[in-house]
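Coordinate inspection notes
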Amino acid sequence: CRSIWLTYNKEVDIKGIKTYQFTPEPNVFSMSNPDNYCYCPNVEKCAVEVPENDTWDMSGCTECIDGLLSLQGCQGAPVVMSTPHFLDGDPMLAEAIDGIDPDPEKHVTYLNLEPMTGMPLQAHKRIQISVPVNPSSYFDCLKKAKQVVFPLVWVDEGADIDDENIKKAKGLLVTPFLAVDIGCGVMIGAGAVLLISSRGRQGTQG
């Protein structure tokens with residue numbers, strides 16, 4: 001029920017093939033992004049319309065936390081979606097749970113594309129599902145519970161090009177251009193030798 005966009009991040013070398021890596025910007029899960037307003041819990045009760053600016057005042061929405069998107073409205077389940085280990089989320093989310101250690105190398109979603117063909121060589125979508133935990137007088141075990149967002153599971157849906165197809169890709173993308181570069185270098189070198197030889201002969205004849 002939520003799509004995300006990716007932007008160019010950096011160049012990545014995959015076994016000799018240059019690729020462009022695309023990753024989500026931090027504001028994809030930020031509550032400063034108007035596209036996320038409807039994923040704030042109880043937003044219909046706290047958001048105030050500002051007609052003159054065609055915006056909403058979210059200052060009264062204390063349950064809107066950067067890094068969390070509530071799936072209650074679109075899935076009907078009291079769970080929240082985020083990046084694994086609350087990467088790029090409000091620091092208090094990771095600080096509240098022992099063992100949470102956000103690491104971009106392990107937890108960011110990314111797509112590595114070969115720039116000339118647009119062919120994806122690596123793609124990984126990494127998402128975490130958590131549940132809000134609140135104190136409750138109905139259950140003894142929750143009477144003294146702290147209000148936290150407790151991670152249940154995070155998944156890495158991905159694919160990486162294998163060695164066999166890397167060899168094929170190199171044969172189509174790297175080898176031909178390498179041959180052209182070498183050919184150009186040889187021809188430039190040969191031309192320079194011929195030019196020097198020609199001038200040498202003219203000097204001898206003179």
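Bear in mind that the values here come from a model prediction, so they are computed numbers and not experimental data.

1. Some words on the overall build of the chain
Each helix and strand in the chain was counted, giving six helices and nine strands. Relative to its 206 residues, the chain shows a buried fraction of 33%. Taking all contacts inside the chain whose residues are at least 6 apart in sequence as the whole, residues at least 24 apart take part in 52%. Carbon and sulfur atoms make up 57% of the accessible area of the chain, which totals about 13500 Å².

2. Quick look at the layout of surface pockets
Here the largest pocket defines a volume of roughly 640 Å³. What lines the largest pocket is a set of 28 residues, among which P41, E63, I65, V80 and P132 lie closest to the centre. Looking at the lining of the largest pocket, the element that brings in the most residues is helix α2 (residues 72–75), giving three residues. Residues of the lining of the largest pocket, tallied by class, amount to 19 nonpolar, seven polar and two charged.

3. A closer look at the pairing of strand β8 (residues 120–133)
Side chains on a regular strand alternate between the two faces of the sheet. Examined bridge by bridge, strand β6 (residues 80–82) and β8 share three bridges and lie antiparallel to one another. Within β8, the residue paired with M81 across the bridge is I129. Where strand β7 (residues 110–113) meets β8, four bridges bridge the pair, whose relative direction is antiparallel. Counterpart to L111 in the pairing with β8 is A123. The antiparallel hairpin formed by β7 and β8 contains six residues in its connecting segment, where G118 sits at a positive phi of about 75°. In the sheet, β8 pairs with strand β9 (residues 148–160) via twelve bridges, with the strands oriented antiparallel.

4. Some thoughts on the state of the cysteines
Going through the model one piece at a time under the given rule, you end up with two disulfides. The disulfide that involves C40 links it to C64, with 1.9 Å between the sulfurs. Its S-S torsion of approximately -100° makes the covalent link between C40 and C64 left-handed. Here C40, found in the loop between β2 (17–23) and α1 (43–46), pairs with C64, found in the loop between β4 (55–57) and β5 (69–70); they are 24 residues apart in sequence, far enough to count as distant. Covalently, C46 is tied to C61 through a disulfide, its sulfur atoms 2.0 Å apart. Taking the torsion about the sulfur-sulfur bond, which here is approximately 105°, the covalent link between C46 and C61 counts as right-handed. Of this pair, C46 sits in helix α1 while C61 sits in the loop between β4 and β5, and the two are 15 residues apart along the sequence. Classification of C46 as buried rests on a relative accessible area of 17%. Residue classification places C61 among the buried positions, given a relative accessible area of 6%.

5. A closer look at empty space enclosed by the protein
Applying the stated criterion across every chain, the model contains one cavity of 30 Å³ or more. Approximately 90 Å³ is the volume found for the largest cavity. Here the lining of the largest cavity is composed, by residue class, of five nonpolar, three polar and three charged.

6. Points about the pairing of β7
Two elements, β2 and β7, share three bridges in a ladder whose sense is antiparallel. Paired with F22 across the bridge in β7 is L111.

7. Quick word on the environment of D162
With respect to the helices, strands and loops of the structure, D162 is situated in the loop between β9 and α5 (163–173). For D162, a relative accessible area of 38% puts it in the partly exposed group. Taking the C-alpha atoms as reference points, D162 and Q122, 40 residues apart in sequence, are found 9.8 Å from one another.

The rules we used
- Residues numbered from 1 in each chain as written.
- Predicted model: local features only at pLDDT ≥ 70, side-chain atom pairs only at ≥ 80, totals over all residues.
- Heavy atoms only, no water.
- Helix = DSSP H or I, 4+ residues; strand = E, 2+ residues; numbered from the N terminus.
- Buried < 20%, exposed > 50% of the residue type's maximum accessible area, 1.4 Å probe, protein only.
- Contact = heavy atoms within 4.5 Å.
- Areas by Shrake-Rupley, 256 points an atom, 1.4 Å probe, with all protein chains shown as cover.
- 1 Å grid on protein atoms, 1.4 Å probe; cavity = no way out; pocket = protein on both sides within 12 Å on 5 of 7 lines; lining within 4 Å.
- Points joined across faces, edges and corners; volume = space filled by probe spheres on them.
- Nonpolar A, V, L, I, M, F, W, Y, C, P; charged D, E, K, R; others polar.
- Pairing = 2+ DSSP bridges.
- Disulfide = S-S within 2.5 Å.

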